[in-house]
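Working through the structure, step by step
One-letter residues, chain by chain:
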Amino acid sequence: MAVPVAFFALFFAYPVTAIVGRGLKAEGAWQFGRIGEVLSRPDILDVLWFTTWQALASTALTLLIALPGAYVFARFDFPGKQVLRAVVTVPFVLPTVVVGTAFLALLGRGGLLDELWGVRLDTTVWAILLAHVFFNYAVVVRTVGGLWSQLDPRQEEAARVLGAGRFAAFRRVTLPALAPAVAAAALMVFLFTFTSFGVVQILGGPAYSTLEVEIYRQTAQLLDLPTAAVLTLLQFAAVGGILAVHAATVRRRERALKLVDPAQTSRRPRGAGQWALLGGVLLTALLLILLPLGVLVERSLDGPGGYGFGYYEALQSVGAGGSSTFLVPPLEAVGNSLRYALVATLIALVIGGLAAAALTRRAGRLVRGFDALLMLPLGVSAVTVGFGFLITLDKPPLDLRTSWILVPLAQALVGVPFVVRTMLPVLRAVDDRLREAAAVLGASPLRAWREVDLPLVRRAVLVAAGFAFAVSLGEFGATVFIARPDNPTLPVAVARLLGRSGELNYGQAMALSTILMLVCAVSLLLLERIRTDRSGEF
């Protein structure tokens, strides 16, 4: 536990505490009265209200659209099922900047809807809600569908034999069993939409602001640290409550159900109704998932002189078309992002692997508190972390402001929870008697881990590395503060291009977003080849 605790203390607790302290301290004394002052401001109350209701609306809309997909993936067997499952999962690993860019190409000025029917939905709440459904569709499909595929259908069939109708059998037998999984999925969707940043920043315009966007605005644009500090504490408290409820929901699901092999529950659709349901899910995937991504690719190829690779070629030069957005060719952001993500993945695997090994010992409050510590980066604004890096890691022996390692460190903070949650169930499943037998035969603890644990968890390590790589590749909130102008990452480069007017900047943003999408999709497809389908976990 020592190395992960030291890592989080130095690169998470210290920067966040420092930035909050600067906002709430005056002349060496804490000014807690500022909390009431900030929370009583009408503009802040509007932000809180919008953050909450858009998260609730996004969650409800996602459940409404995704639950039929969860049923189809759980109960139906059809050609291309594995490929389609990978396709619908692509949006979840995409950076939010890419999601925002894709929907901007579909719904914004000059987008597909604008060209066909003269309809624009950017700078409206509908664009935000649809993008959130796009991003979180896979969370419901994989979380609920994974459990649904393991429920014994004979229980519902027995209820129907005893006289219950189809709906009554579902409501009384299947729905109570699924309720914890649905609640867990809903809570995760609410968490992701409550802390939404890139999607709202790109699609919402100045009229809409979530807590995360407002923290960025107060910090980077207005330099109002007291307001940013209060909002950071408020978001941290809210997300902490969400994670606590989610943990309780997951524990309830784990101990309440007896599951069967998913292969026993899947069959080909029967009857017109089931085929219609399958067709509806496929149409939803086409319109909701593939259409925005396809429009993104199409816009990246649609240059002033017709279709071609003009925008991609422009990424190789500095100041193309009179643009001074970058000090280096935008294409260098691809190499920067890959290098940063590889280093961040290595850091996340080391820290997360040690943490997961420590958490396999299920005893004491110390271990439970350590588990909660690992989830804290999900509850604190990434903007706060990034700005905290700038104001704390600026003195020897940790003067890292000009060092390239600063970006991977920030990205690794987000990757560690994914590594822990992927490796922990597998490590806990390793029989302790195998380690004890190795020790009896003379193996040291290190050799026992290498010879016993590592072969059993190798696949989990590869999956964890893939998730950490994809998350690191798309990290934006903290990186936007600490990425140097001569070494931008892909998400930062896309945001900068979208922030400048001009057809060339827009086209280059589409091209970079397409490149980032392809890298994330390839990472996911590799994960699909090595992951196990035995688990209902996402």
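Residues numbered from 1 in each chain as written. Predicted model: local features only at pLDDT ≥ 70, side-chain atom pairs only at ≥ 80, totals over all residues. Heavy atoms only, no water.

Bringing the overall build of the chain into the picture now. If you tally the helices and strands in the chain, you get 23 helices and six strands. Expected size for 538 residues packed as a compact globule is a radius of gyration near 24 Å; at 24 Å, the chain falls within 12% of this value. When each of the 538 residues of the chain is scored for burial, the buried share is 52%. In the chain, of all internal contacts separated by at least 6 residues, the share reaching a separation of at least 24 is 78%. For the chain, the exposed area adds up to about 24200 Å²; of that, 64% sits on carbon and sulfur atoms. (Helix = DSSP H or I, 4+ residues; strand = E, 2+ residues; numbered from the N terminus. Rg over C-alpha atoms; globule rule 2.2 N^0.38 Å. Buried < 20%, exposed > 50% of the residue type's maximum accessible area, 1.4 Å probe, protein only. Contact = heavy atoms within 4.5 Å. Areas by Shrake-Rupley, 256 points an atom, 1.4 Å probe, with all protein chains shown as cover.)

It is worth spelling out helix H13 (residues 271-301) at this point. Relative to the 45 Å expected for 31 residues at 1.5 Å per residue, H13 spans 43 Å between its end C-alpha atoms, a close match to the ideal helical length. When H13 is considered as a whole, its buried residues turn out to be Gln 274, Leu 278, Val 281, Ala 285, Leu 288, Ile 289, Pro 292, Leu 293, Val 295, Leu 296, Arg 299 and Ser 300. (Expected span 1.5 Å × (residues − 1).)

A few words now on the confidence of the model for the chain. With 90% of its residues at a pLDDT of 70 or more, the chain has an overall mean of 83. Taken element by element, the predicted model of the chain shows its lowest mean pLDDT in helix H16 (residues 364-375) (69) and its highest in helix H3 (residues 42-75) (93). Note that residues 532-538 has pLDDT below 50 and, in this model, 17 contacts with residues that lie over four places away or in other chains. (pLDDT = per-residue confidence, 0-100.)

With that settled, consider the layout of surface pockets. In this approach the atoms are scanned with a rolling probe the size of a water molecule, which exposes any empty space left behind. Approximately 720 Å³ is the volume attributed to the second largest pocket. In terms of lining residues, the second largest pocket is bounded by 21 residues, among which Tyr 71, Arg 75, Glu 156, Arg 166 and Phe 170 are the most central. Of all the elements in the fold, those that place two or more residues in the lining of the second largest pocket are H3, helix H8 (153-161), helix H9 (166-194) and H13. When grouped by side-chain class, the residues that make up the lining of the second largest pocket number 10 nonpolar, five polar and six charged. (1 Å grid on protein atoms, 1.4 Å probe; cavity = no way out; pocket = protein on both sides within 12 Å on 5 of 7 lines; lining within 4 Å. Points joined across faces, edges and corners; volume = space filled by probe spheres on them. Nonpolar A, V, L, I, M, F, W, Y, C, P; charged D, E, K, R; others polar.)

In terms of nonpolar packing, the biggest core is built from 162 residues, with Phe 7, Leu 94, Leu 374, Phe 389 and Leu 512 touching the most fellow members. With 16 residues, the single largest contributor to this core is helix H7 (residues 125-148). Those residues within four positions of Leu 94 in sequence are excluded, and the remaining contacts are Val 99, Phe 134, Phe 135, Leu 293, Met 517 and Cys 520. (Core = buried A, V, L, I, M, F, W, Y, C linked by side-chain atoms within 4.5 Å.)

Attention now moves to the packing of aromatic side chains. Evaluation of the coordinates by the stated rule reveals 17 aromatic pairs. Considering the side-chain rings of Phe 8 and Phe 12, the 6.4 Å spacing of their centres and the 70 degrees angle between planes classify their relative orientation as edge-to-face. One end of the pair, Phe 8, and the other, Phe 12, are both in helix H1 (residues 2-24), four residues apart, so they sit about a helical turn from each other. A single burial state applies to Phe 8 and to Phe 12, both of which are buried. One aromatic cluster is present, built from ring pairs that chain together Phe 197, Tyr 216, Phe 387, Phe 476 and Phe 481. (Phe/Tyr/Trp six-rings, centres within 6.5 Å; stacked < 30°, edge-to-face > 60°.)

So, about a nonpolar patch on the surface. Judged by side-chain polarity, Leu 283, Leu 286, Leu 287, Leu 290 and Leu 291 come together as a nonpolar surface patch covering roughly 420 Å² of accessible area. By the secondary structure assignment, Leu 291 is in helix H13. The exposure class of Leu 291 is partly exposed, given its relative accessible area of 31%. (Patch = residues over 30% accessible without salt bridge, like charges linked within 9 Å, V, L, I, M, F, W, Y side chains within 5 Å. Salt bridge = Lys/Arg side-chain N within 4 Å of Asp/Glu carboxyl O.)

Moving on to a positive patch on the surface. A grouping of Arg 160, Arg 166, Arg 267 and Arg 270 is seen on the molecular surface, where their side chains present a positively charged patch. The residue Arg 160 is located in helix H8 in this model. Look at Arg 160 and you get partly exposed, because its relative accessible area is 38%. (Lys, Arg positive; Asp, Glu negative; His and termini not counted. Charge placed at Lys NZ, Arg CZ, Asp CG, Glu CD.)

Unlike most non-glycine residues, Thr 123 shows phi in positive territory, near 65 degrees. If you trace the backbone, Thr 123 turns up in the loop between helix H6 (112-117) and H7. A relative accessible area of 41% places Thr 123 in the partly exposed class. A positive phi is found at Leu 223, a non-glycine position, where the angle reads about 55 degrees. Relative to the assigned elements, Leu 223 resides in the loop between helix H11 (211-221) and helix H12 (225-256).

Here the focus is the environment of Val 47. Along the chain, the position of Val 47 falls in helix H3. When the C-alpha positions of Val 47 and Tyr 14 are compared, they lie 27 Å apart, and in sequence the two are 33 residues distant. Contacts of Val 47, omitting those with residues within four sequence positions, involve Ser 209, Thr 210, Leu 211 and Glu 214.

The packing of two helices is summarised by the inter-axis angle and the distance between the axes. Here helix H15 (residues 332-359) crosses helix H18 (residues 406-429) at 40 degrees, and the two axes come no closer than 6 Å. When the axis of H15 is compared with that of H18, the two are oblique. With respect to the hand of their crossing, H15 and H18 are arranged in right-handed fashion. (Axes fitted to C-alpha atoms, helices over the stretch in contact; angles between N-to-C directions. Parallel < 35°, antiparallel > 145°, perpendicular 65-115°, else oblique. Left-handed = near helix turned anticlockwise from the far one by under 90°.)

A few words now on the pattern of salt bridges. A full pass over the atoms with the stated rule returns eight salt bridges. In this structure, Asp 486 engages Arg 484 in a salt bridge whose closest nitrogen and oxygen atoms are separated by 3.3 Å.

What follows covers the packing of H15 against helix H20 (residues 445-474). At their nearest, the axes of H15 and H20 sit 8 Å apart, and the two run at 135 degrees to each other. Taken as axis vectors, H15 and H20 run oblique relative to one another. Along this stretch, H15 crosses H20, giving a crossing that reads as right-handed. Contacts from Ser 337, Leu 338, Ala 341, Leu 342, Ala 344, Thr 345, Ala 348 and Leu 349 of H15 reach H20 at Val 461, Ala 464, Ala 465, Ala 468, Phe 469, Ser 472 and Leu 473.

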